Amino acid sequence: MKGWFYTMEYKFSDKVSGLKASAIREILKFTSDPEVISFAAGNPAPEAFPKEEIAKISAELLRDDPILALQYSVTEGYGPLREFLKGWMTEKGCFHKEFDDLIITSGGQQANELSCKVLLNEGDTLICESPSFIGSLNAFRSYNVNLVGVDMDDDGINLEKLEYTLKTEKNVKILYLIPNFQNPTGRTMSLEKRKAVYELACRYDFIILEDDPYGELRFAGEKVPTIKSLDTEGRVIYSSTFSKLISSGFRTGYVSAPAPIIQKIVVCKQVSDVHSNIWAQVVSQRFMTTVDREAHFNKLRDIYRKKCGLMCSYIDNEFSKKISYIRPEGGLFIWCTLPDNVDMNAFCTRAVQEYKVAVVPGNAFNIKEGEVSHSFRLNYSTPTNEQIEKGMTILAKMTTEILDQ
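So, a few notes on the structure that sits alongside this text. (Residues numbered from 1 in each chain as written. Predicted model: local features only at pLDDT ≥ 70, side-chain atom pairs only at ≥ 80, totals over all residues. Heavy atoms only, no water.)

Packed helices, taken two at a time, are described by the angle between their axes plus the distance between the axes. Axis separation between helix α6 (residues 107-119) and helix α10 (residues 259-272) bottoms out at 9 Å; the angle between their running directions is 110°. Overall, the two elements α6 and α10 adopt an arrangement that is roughly perpendicular. When α6 is examined against α10, the residues Gln110, Leu114, Ser115, Lys117, Val118 and Leu119 are found in contact with a partner set consisting of Ile261, Lys264, Ile265, Cys268, Lys269 and Ser272. Residue composition of the contact of α6 with α10, by class: six nonpolar, three polar and three charged. (Axes fitted to C-alpha atoms, helices over the stretch in contact; angles between N-to-C directions. Helix = DSSP H or I, 4+ residues; strand = E, 2+ residues; numbered from the N terminus. Parallel < 35°, antiparallel > 145°, perpendicular 65-115°, else oblique. Contact = heavy atoms within 4.5 Å. Nonpolar A, V, L, I, M, F, W, Y, C, P; charged D, E, K, R; others polar.)

Okay, structure coming up:
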């Protein structure tokens with residue numbers, strides 16, 4: 001209706017009134033400009049999707065058992081997929097038959113959100129690495145928890161600062177960690193720190209939420225055991241996903257945790273979405289059990305090893321030496337840090353508006369509003385090699401023009 005406008009003043013709930021749109025999503029708006037080269041996403045490489053295998057499995061499923069793919073299913077998840085995951089997770093030390101259970105979720109994001117929902121009351125403290133993954137941070141914020149960040153060292157969370165936080169904060173219930181190729185920093189937590197963190201969990205009586213979406217994407221260095229594999233007291237929730245391995249669009253994740261926690265997650269998931277996409281679950285199970293998954297994983301690792309190496313070569317050889325960075329051993333991201341006297345937000349804005357290259361400002365991953373960040377995140381999985389070469393050449397020119405004059 002012409003001239004129509006809102007007259008109602010909307011009063012949002014306390015749980016959502018403070019939430020803001022993801023800074024990553026906001027900067028991605030600039031990528032609608034066809035001239036912009038985006039290093040701001042976090043999507044799998046287009047060539048990483050096993051398109052032919054998925055098409056074949058889907059055609060067979062819809063031909064031979066279409067009702068299975070089209071009908072409602074159980075909240076816990078597709079039975080054969082759960083049994084496969086229990087076996088696979090047992091081999092990796094992420095499922096303990098004596099006390100764990102497992103549920104399929106709508107991606108790793110829901111796994112983390114539901115874990116928070118079943119364990120935290122408003123005002124309880126959740127500790128996380130600083131910086132950390134914006135999607136999980138917003139999920140935690142939606143429950144009005146006391147979100148406390150702890151600085152990281154090159155090999156993971158700073159143990160001294162973590163213990164200080166445990167001593168000074170009230171009602172610490174969960175420590176949220178991304179130990180493998182952390183988003184956004186790309187850091188990997190050392191085995192020594194994983195053991196120390198678990199010992200702190202036992203001493204201070206809290207639960208560790210171990211988020212591991214990138215663990216299979218290690219393309220350098222030595223594999224490090226999960227924190228979940230160290231769990232003897234039922235203190236670790238392990239969440240992961242097929243988003244980076246098969247299809248991000250499937251939204252198929254999973255949680256391995258002590259059975260009483262899974263039972264509550266089941267109830268909360270019934271309230272949320274009844275069950276995750278059953279077609280995607282069946283295809284995931286058949287892919288993981290009928291296709292040479294290690295060959296597929298090796299293909300992914302090779303793709304990301306080359307893309308990461310290509311991007312790092314420009315930082316090493318053409319960027320201003322005043323920029324430091326963390327070279328990841330896997331995952332999807334590179335964390336670059338500017339000198340303290342450079343305005344990081346202005347740098348990122350200028351990069352996308354003037355130089356037509358999009359990166360994510362580091363404060364998008366801050367725990368508390370107003371914290372200062374001098375870093376920005378680069379993604380090498382989504383752009384093509386040609387886009388990496390062109391975009392990194394432009395960024396290199398920008399860094400030298402701004403920092404070396």
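From this point, the narrative continues.
Take the nonpolar core next. Judged by nonpolar contacts, the single largest core of 94 residues is most densely connected at Phe39, Trp88, Tyr304, Leu378, Met392 and Leu395. Ranked by residue count, the leading element in this core is helix α12 (residues 293-317), at ten residues. In this structure, methionine 392 is in contact with Phe39, Met311, Tyr314, Ile315, Phe319, Leu378 and Gln387, ignoring residues within four places of it in sequence. The next biggest cluster of nonpolar side chains, apart from the first, holds 17 residues, and it includes Leu166, Val197, Phe206 and Ile227. (Core = buried A, V, L, I, M, F, W, Y, C linked by side-chain atoms within 4.5 Å. Buried < 20%, exposed > 50% of the residue type's maximum accessible area, 1.4 Å probe, protein only.)

This part takes up the sheet that holds strand β9 (residues 252-258). Strand order in the open sheet formed by eight strands is β2-β9-β8-β7-β6-β3-β4-β5, and the pairing between neighbours is mixed. In this open sheet, the two strands that pair with only one neighbour each are β2 (100-106) and β5 (156-157). Examined bridge by bridge, strand β4 (residues 146-153) and β5 share two bridges and lie antiparallel to one another. Looking at β5, one finds that aspartate 153 is bridged to glycine 156. (Pairing = 2+ DSSP bridges.)

Looking now at the packing of aromatic side chains. In the structure shown here, the tally under the stated rule is nine aromatic pairs. For the ring pair tyrosine 214 and phenylalanine 333, a centre distance of 6.1 Å and an interplane angle of 90° mean the geometry is edge-to-face. Note that tyrosine 214 is positioned in the loop between β7 (207-211) and β8 (236-241) and phenylalanine 333 in strand β11 (residues 333-337), a separation of 119 residues in sequence. Under the relative-accessibility criterion, phenylalanine 333 is labelled buried at 3%. Aromatic side chains phenylalanine 250 and tryptophan 279 sit 5.1 Å apart centroid to centroid with 70° between the ring planes, which places their arrangement in the edge-to-face category. Here tryptophan 279 lies in helix α11 (residues 278-290) and phenylalanine 250 lies in the loop between β8 and β9, a separation of 29 residues in the sequence. Classification of phenylalanine 250 as buried rests on a relative accessible area of 6%. Of the aromatic side chains, those joined through ring pairs into one cluster are Phe84, Trp88 and Phe297. The ring of tryptophan 88 is capped by lysine 92, whose NZ or CZ atom sits 4.0 Å from the centre of that ring. (Phe/Tyr/Trp six-rings, centres within 6.5 Å; stacked < 30°, edge-to-face > 60°. Lys NZ or Arg CZ within 6 Å of the ring centre and 35° of its normal.)

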